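# Overview (structure and organization)
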Amino acid sequence: MRPIRVRIGVLGLALVAGLAAPTAATAAPEAGGAAPAPTVEERRLDGEVPREILRRSGFAAVAPAFARGLGRADSYREARRVVEREGAALWRRAVDRVQGRGPARGDLSRDDDRPLYWARLGMTRELHTWEPGFGLSERQRAALLTELERTSRGQTDLRLPRGGHGKGVKRVLLTGFDPFTLDRDIRISNPSGAVALALDGTVIDTADGPARVETAVFPVRWADFAEGTVERALRPYLPRVDLFTTVSQGRVGRFDVERTNGAWRGGFPDNDNVSRTETVPVADPASQPQWTTTTLPYAAITAADTGRFPVYDNTSVTEIPAGGDEPVVRPEGPTPGSTAREGGGGNYLSNEIAYRATLLRDRLGLHGTLPGGHVHTPVLQFGAGNTDPATGAVTDPGFVRNRLDIVAQTRAIVGVAVSAAGADRD
């Protein structure tokens, strides 16, 4: 998720970084008032591709059912119960589908992350435009939307095993992202989201013993990050895990373990077509560093045979050197006193989640004891002959094979990281 000059098929993608009308169950606006408008991201639901993905995965009924539940709510408290219940159910349903539990309810391959994304947007659109008879303040609506985001992204479903560091089952926290750059190709899937769904609640056997993986997914929106969604989700868990990694889609044909993360937003548009070019906004900016570093065992990860894609220890950054005023690429990492312009993972939201998670690790006093950092997966590409977003199919055998290989290799990378971290402790 970092803008780089790479051409993928005919798209020229810069990467490293619903329903057509309200359902009948949606409450009508009060007389004389207009319902709030859907967001830019939600309006993409009107396209044929999202409809096809929802239909072929069995998720087309999710938003209408949610609207009916909201329509029966006669108070804010009851609406909140509906949101909490249905948001959590969507996450569990998506995880179960990817992991092979229950019927597939459609011919779309089970490993696909996109049904969760589009079904969630259908739900948030219902909630954005809902006008209940009992009256709903904008603060209450915002609270309901926040709760829907948290529950439907697995952020309230992180169930870590009991025990202390290095004892019993190891505990791993992994995060992924929604699809993005959808105006360039609305068919896009994000392999990091697929990884999160495939690994949530699973146990990986490693040389250092079994490791339980718990996962969550984050939006591709600058505003959510500025409002602290990453810190709120991760802060309760970082002191309790043995390893964490944020994951996102990166470069073509390779994995990267990003050595350094930078405190800069480069302005690439998010899923609401909003740009931000500024220092990453965090709490206590006076103590904010320009750079944070990985504590993942990158040497062991890059040396291991984890799958068909090469894995690199990426040390390059872009900085404004101390006393300078122009950005300079530093292949070996930042120099003392420099100002960040790109971390190893760029200056989009993948760099930002890595920066925020590792800064939180450091502010919690865990830098020397908690392995954590960011892994970029390869770009998930469609198969040969299916590269035109205007005419291409929403899936193909090569697309599925690439996603499954990326998921399997990420799982292997996590296993290597856990084993190497255990060996370092010993």
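Not measured: the values here are computed from a predicted model.

### Side note on the overall build of the protein chain
For the protein chain, the count of helices and strands is 12 helices and 14 strands. Since a compact globule built from 426 residues should have a radius of gyration of about 22 Å, the 21 Å found for the protein chain is in line with a globular shape. Principal axes of the C-alpha set define a box for the protein chain whose edges measure 60 × 50 × 45 Å. A buried classification covers 56% of the 426 residues belonging to the protein chain. For the protein chain, the accessible area works out to roughly 16700 Å², and carbon and sulfur atoms hold 51% of it. Distance from the positive charge centre (54 side chains) to the negative charge centre (52 side chains) of the protein chain: 3 Å.

### Focus: the layout of surface pockets
Quantified by volume, the largest pocket comes out at close to 500 Å³. In this structure, the largest pocket is lined by 25 residues; those nearest its centre are Leu145, Glu149, Arg221, Asp224 and Glu227. At the level of secondary structure, the elements contributing two or more residues to the lining of the largest pocket comprise helix H1 (40-43), helix H5 (114-129), helix H6 (138-152), helix H8 (222-226) and helix H9 (229-234). Top element by residues in the lining of the largest pocket is H6. It accounts for 5 residues.

### Details of the sheet that holds strand S12 (residues 328-330)
Backbone hydrogen bonds hold the strands of a sheet together, and the pairing may be parallel or antiparallel. Judged by pairing direction, the sheet is antiparallel, and its 3 strands sit side by side in the order S12-S11-S13 without closing on themselves. Each edge of the sheet is formed by a strand with only one pairing partner; in this case those strands are S12 and strand S13 (339-342). Put simply, the sheet's adjacent strands are angled 45 degrees from each other on average, direction ignored. Here 3 bridges tie strand S11 (residues 317-320) to S13, and the two strands are oriented antiparallel to one another. Bridge pairing links Ile320 to Thr339 in S13.

### Focus: the environment of Val49
Note that Val49 resides in helix H2 (residues 48-57). Overall, Val49 belongs to the buried group, its relative accessible area being 14%. Distance from Val49 to Val311, taken between C-alpha atoms, is 33 Å for residues 262 residues apart in sequence. Beyond its immediate sequence surroundings of up to four residues, Val49 is in contact with Ile186, Arg187 and Val394.

### Considerations on unusual backbone geometry
Its identity is not glycine, yet Asn273 carries a phi of approximately 60 degrees, on the positive side. Along the polypeptide, Asn273 turns up in the loop between strand S7 (264-266) and strand S8 (277-279). One non-glycine residue, Asp284, lies in the positive phi region at around 50 degrees. Checked against the element boundaries, Asp284 lands in the loop between S8 and strand S9 (291-293).

### A short note on helix H7 (residues 191-199)
Taking burial as the measure, the 9 residues of H7 include 9 buried ones, the bulk of the element. Taken as a whole, H7 has its buried residues at Pro191, Ser192, Gly193, Ala194, Val195, Ala196, Leu197, Ala198 and Leu199.

### Quick notes on the nonpolar core
Phe66, Trp118, Leu127, Trp130, Leu174 and Ile301 are the most contacted members of the largest nonpolar core, which totals 65 residues. If we ignore the near neighbours within four places in the chain, the residues touching Leu127 are Phe66, Leu70, Val83, Arg141, Leu144, Leu145 and Leu148. Residues Leu158, Phe177, Leu349 and Leu366 belong to the second largest nonpolar core, which totals 25 residues.

### So, the pairing of S11
Alternating residues of S11 divide into Val317 and Glu319 and Thr318 and Ile320, and every residue in both groups is buried. Relative to S12, S11 runs antiparallel, the two being bridged by 3 bridges. Among the inter-strand pairings, Val317 is bridged to a residue of S12, identified as Arg330.

### Let's talk about the pattern of salt bridges
According to the stated counting rule, one finds 40 salt bridges in the structure shown. Across the salt bridge formed by Asp112 and Arg403, the nearest N and O atoms sit 3.4 Å from each other. Here the residue Asp112 occupies a position in the loop between helix H4 (76-98) and H5, and Arg403 occupies one in helix H12 (residues 397-425), the gap between them amounting to 291 residues. Of the residues examined, Arg403 reaches a relative accessible area of 0% and is grouped as buried. Linking Glu352 and Arg356 is a salt bridge whose minimum nitrogen-to-oxygen distance equals 2.9 Å. With Glu352 and Arg356 both in helix H11 (residues 349-363) and 4 residues apart, the pair spans about one turn of that helix. Neither Glu352 nor Arg356 differs from the other in exposure class; each is buried. When salt bridges with common partners are traced through the structure, they connect Glu41, Arg120, Glu149, Arg153, Asp178, Arg221 and Asp224 into a single cluster.

### Describing empty space enclosed by the protein
Counted as a void, the largest cavity has a volume near 60 Å³. The wall of the largest cavity is formed by Leu243, Thr245, Val247, Leu296, Ile301, Val375, Thr410, Ile413, Val414 and Ala417. Elements represented by at least two residues in the lining of the largest cavity include exactly strand S4 (243-249) and H12. Top element by residues in the lining of the largest cavity is H12. It accounts for 4 residues. Of the residues assigned to the lining of the largest cavity, the class counts are 8 nonpolar, 2 polar and no charged. Approximately 50 Å³ is the volume found for the second largest cavity. Along its surface, the second largest cavity is lined by Asp113, Leu116, Tyr117, Arg120, Phe177, Asp178, Pro179, Gly193, Leu197 and Val217.

Conventions and cut-offs
- Residues numbered from 1 in each chain as written.
- Predicted model: local features only at pLDDT ≥ 70, side-chain atom pairs only at ≥ 80, totals over all residues.
- Heavy atoms only, no water.
- Helix = DSSP H or I, 4+ residues; strand = E, 2+ residues; numbered from the N terminus.
- Rg over C-alpha atoms; globule rule 2.2 N^0.38 Å.
- Buried < 20%, exposed > 50% of the residue type's maximum accessible area, 1.4 Å probe, protein only.
- Areas by Shrake-Rupley, 256 points an atom, 1.4 Å probe, with all protein chains shown as cover.
- Lys, Arg positive; Asp, Glu negative; His and termini not counted.
- Charge placed at Lys NZ, Arg CZ, Asp CG, Glu CD.
- 1 Å grid on protein atoms, 1.4 Å probe; cavity = no way out; pocket = protein on both sides within 12 Å on 5 of 7 lines; lining within 4 Å.
- Points joined across faces, edges and corners; volume = space filled by probe spheres on them.
- Pairing = 2+ DSSP bridges.
- Axes fitted to C-alpha atoms, helices over the stretch in contact; angles between N-to-C directions.
- Contact = heavy atoms within 4.5 Å.
- Core = buried A, V, L, I, M, F, W, Y, C linked by side-chain atoms within 4.5 Å.
- Salt bridge = Lys/Arg side-chain N within 4 Å of Asp/Glu carboxyl O.
- Nonpolar A, V, L, I, M, F, W, Y, C, P; charged D, E, K, R; others polar.

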